[in-house]
Amino acid sequence: MTTAASHFNWPKIMMPQWMTPSHYSVSTFDRTYIILAMSMYMIGLVMVASSSMPIAERLFDDPFHFVTRHLIYICLSVGIAGVALQIPMSMWHKHSFKLLFLAMILLLVVLLVGRTVNGSTRWIVVGPITIQAAEPAKLFLFCYLSAYMVRRRDEVMENVKGFIKPLIVFGVLAGLLLLQPDLGTVIVMFVTTFGLLFLAGAKLWQFISVAGVGLAAISALAYFSPYRWARVTSFLDPWKDPFGSGYQLTQSLMAYGRGEFLGQGLGNSIQKLEYLPEAHTDFVMAVVAEELGFVGISLILVLSMALVIKALLLGRKAINKEKYFEGFFAYSIAIWMSFQAAVNVGASAGIVPTKGLTMPLISYGGSSMIIMTLAVVVLVRIDHEIRLQSIQATSSHSKKAKATKINSKKEGEHEPS
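Residues numbered from 1 in each chain as written. Predicted model: local features only at pLDDT ≥ 70, side-chain atom pairs only at ≥ 80, totals over all residues. Heavy atoms only, no water.

As for the overall build of the protein chain
Here is step 1: Helices and strands together make up the secondary structure of the protein chain, namely 14 helices and three strands.
Here is step 2: For the protein chain, buried positions account for 47% of its 417 residues.
Here is step 3: Taking as baseline every contact in the protein chain between residues at least 6 positions apart, the subset at least 24 positions apart corresponds to 71%.
Here is step 4: When the accessible surface of the protein chain is split by element, carbon and sulfur atoms take 67% of a total near 21200 Å². (Helix = DSSP H or I, 4+ residues; strand = E, 2+ residues; numbered from the N terminus. Buried < 20%, exposed > 50% of the residue type's maximum accessible area, 1.4 Å probe, protein only. Contact = heavy atoms within 4.5 Å. Areas by Shrake-Rupley, 256 points an atom, 1.4 Å probe, with all protein chains shown as cover.)

Here you go:
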């Protein structure tokens, strides 16, 4: 039976290629990166809202001041990610030196015209936008180092000269950062740079000797700076001066203690009521611990660990495909994210000294949010290009096989019986 509906020309819905049924089995990018990033965005938004309302009410007479700005940062990050996703990795590779030069310029500008907060000059103010110059400097340095490893990998593996060159570049950036001062970012760069050199095949004795010198230099910087030394000593025994140098850490430890296994419940933190300074930025994980307990902390750490492990596996996959720049870049992002997350959680839990580093994709902070999003975008782009290369190779092989089969069939038809 023929119905009227069967003669009706239904409009065709235009769908992206990767959403069409024929492409379900062959995905051109890994959606897990998006799921992990969006999950951390949402958890961070909820926890920033919970932890920032008391101080926002007092400072701005608007309890939603910080959470509104954080939501704007997330939307801005997603918009920038959409644009950055179109940039091929060859462009990152080609312009790596220019990006490094831009990082140096930003670090110089912040020293000249930057805003000073709590004794540190780290922010460039452009109208309503505040840029923390150290954040793009990290990503751009790792991009440059990845390109350097491709150009000079044999030199890095064979002699000290190739090993020292990237350390000189790191030293220049570290010097500019210490003038702000920002020792936390210097340590993140230091660890990531050495991790990347080690993965690139640097000799173990070079790695150990220069790492020893670097650790000695960082220790000296801490020892001869009164406020840094106060942080180290207060970390070792915060209860010695609970209302002075150890105040922030003791309040954070009380938040962890109150949280126990399941927490006090979302919104029920006492420490965020202006007992714990920087509750929505560097110490947001303490509020997570108090309100969501061990379970909440574990969930965030599992999400972070999943992202880091995927980045490491992607780096290995890229290296195996002889895409060395992409592989080293993925490795550096994995080391960077894992170390920064470890330091942030460790500082709030009293395991390491306080360094003023944000929790990736969780803490309040526009520059950190945007740059970490760009790092995730780089991982998605690397994965996309590797998959696309495999799909094209498979398609080319299928076409050749099909052409060979057709030619063989034609030759068989023309043979005399």
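Now that the structure has been shown, we can carry on.
Looking at the pairing of strand β2 (residues 120–126)
Here is step 1: As judged from the three bridges shared by strand β1 (residues 115–117) and β2, these two strands associate in the antiparallel manner. Counterpart to Thr 116 in the pairing with β2 is Thr 121.
Here is step 2: Between β2 and strand β3 (residues 129–132), which pair antiparallel in sequence order, lie two residues; one of them, Gly 127, sits at a positive phi of approximately 65 degrees. (Pairing = 2+ DSSP bridges.)

A look at the nonpolar core
Here is step 1: By size, the foremost hydrophobic cluster in this structure holds 106 residues, and its most contacted members are Trp 92, Leu 139, Leu 141, Phe 329 and Leu 361.
Here is step 2: Take this core: its biggest share by element is 15 residues, from helix α12 (residues 284–320).
Here is step 3: Dropping the residues within four chain positions of it, Leu 141 is found in contact with Leu 100, Val 169, Phe 170, Leu 173, Met 189 and Thr 193.
Here is step 4: Core analysis: the second largest hydrophobic core is formed by five residues, Val 48, Phe 66, Tyr 73 and Tyr 364 among them. (Core = buried A, V, L, I, M, F, W, Y, C linked by side-chain atoms within 4.5 Å.)

Concerning unusual backbone geometry
Here is step 1: With an omega of -5 degrees, the peptide bond between Gln 180 and Pro 181 qualifies as cis.
Here is step 2: For Pro 181, the location among the structural elements is in the loop between α7 (160–178) and α8 (183–199).
Here is step 3: Positive phi values are uncommon outside glycine, yet Glu 274 reaches one of about 65 degrees.
Here is step 4: Inspection of the secondary structure puts Glu 274 in the loop between α11 (247–259) and α12.

Describing helix α13 (residues 324–348)
Here is step 1: Over its 25 residues, α13 runs 36 Å from end to end, which matches the ideal 36 Å to within 8%, given 1.5 Å per residue.
Here is step 2: Counting buried positions over the 25 residues of α13 gives 21, a clear majority of the element.
Here is step 3: Within two residues after α13, Gly 350 carries a phi angle of roughly 80 degrees, on the positive side. (Expected span 1.5 Å × (residues − 1).)

Concerning empty space enclosed by the protein
Here is step 1: Counted according to the given criterion, the structure contains two cavities of 30 Å³ or more.
Here is step 2: Taken together, Met 40, Ser 304, Leu 307, Val 308, Met 337, Ser 338, Ala 341, Pro 360 and Leu 361 make up the lining of the largest cavity.
Here is step 3: Mapped by element, the contributors of at least two residues to the lining of the largest cavity are α12 and α13.
Here is step 4: In terms of residue class, the lining of the largest cavity is made up of seven nonpolar, two polar and no charged.
Here is step 5: Here the second largest cavity is characterised by a volume of approximately 40 Å³.
Here is step 6: Every residue along the wall of the second largest cavity is listed here: Asp 282, Phe 283, Val 343, Asn 344, Ala 347, Ser 348, Thr 354, Lys 355, Gly 356 and Leu 357.
Here is step 7: Class assignment for the residues of the lining of the second largest cavity results in four nonpolar, four polar and two charged. (1 Å grid on protein atoms, 1.4 Å probe; cavity = no way out; pocket = protein on both sides within 12 Å on 5 of 7 lines; lining within 4 Å. Points joined across faces, edges and corners; volume = space filled by probe spheres on them. Nonpolar A, V, L, I, M, F, W, Y, C, P; charged D, E, K, R; others polar.)

So, the pattern of salt bridges
Close approach of charged atoms lets side chains of opposite charge pair.
Here is step 1: Following the criterion strictly, the structure yields seven salt bridges and no others.
Here is step 2: Between Glu 135 and Lys 138 there is a salt bridge, with its nearest N and O atoms 3.3 Å apart. Of this pair, Glu 135 and Lys 138 both sit in helix α5 (residues 134–151), three residues apart, which is roughly one turn of the helix. When sorted by exposure, Glu 135 lands in the same class as Lys 138, which is buried.
Here is step 3: One salt bridge in this structure joins Glu 385 and Arg 381, with 3.0 Å as the shortest N-O distance. Residue Glu 385 and its partner Arg 381 are located together in helix α14 (residues 366–414), separated by four residues, close to a single helical turn. Each member of the pair, Glu 385 as well as Arg 381, is classed as buried. (Salt bridge = Lys/Arg side-chain N within 4 Å of Asp/Glu carboxyl O.)

Some words on the packing of helix α1 (residues 31–60) against α12
Here is step 1: Relative to each other, α1 and α12 sit at 160 degrees, their axes nearing to 11 Å. Between α1 and α12, the interaxial angle falls into the category roughly antiparallel. For α1 against α12, the interelement crossing comes out left-handed.
Here is step 2: Of the residues contributing to the contact of α1 with α12, the split by class is 16 nonpolar, five polar and two charged. (Axes fitted to C-alpha atoms, helices over the stretch in contact; angles between N-to-C directions. Parallel < 35°, antiparallel > 145°, perpendicular 65-115°, else oblique. Left-handed = near helix turned anticlockwise from the far one by under 90°.)

Observations regarding the packing of aromatic side chains
Here is step 1: The full count for this structure, using the stated rule, is ten aromatic pairs.
Here is step 2: Here Phe 60 and Phe 66 contribute two aromatic rings whose centre-to-centre distance is 5.6 Å and whose plane-to-plane angle is 80 degrees, an arrangement assigned as edge-to-face.
Here is step 3: The exposure class of Phe 66 is buried, given its relative accessible area of 9%.
Here is step 4: Measuring from ring centre to ring centre gives 5.9 Å for Tyr 73 and Tyr 364, while their planes differ by 55 degrees; the resulting arrangement is tilted. Taken together, the positions of Tyr 73 in helix α2 (residues 65–84) and Tyr 364 in the loop between α13 and α14 put the pair 291 residues apart, joining distant regions of the chain. Like Tyr 73, the residue Tyr 364 is buried in the burial classification.
Here is step 5: Joined through ring pairs, the aromatic side chains of Phe 60, Phe 66, Tyr 73 and Tyr 364 make up one cluster.
Here is step 6: Lying over the aromatic face of Tyr 33, Lys 310 brings its terminal NZ or CZ to 5.0 Å of the ring centre. (Phe/Tyr/Trp six-rings, centres within 6.5 Å; stacked < 30°, edge-to-face > 60°. Lys NZ or Arg CZ within 6 Å of the ring centre and 35° of its normal.)

All we've got here are geometric facts, nothing functional implied.
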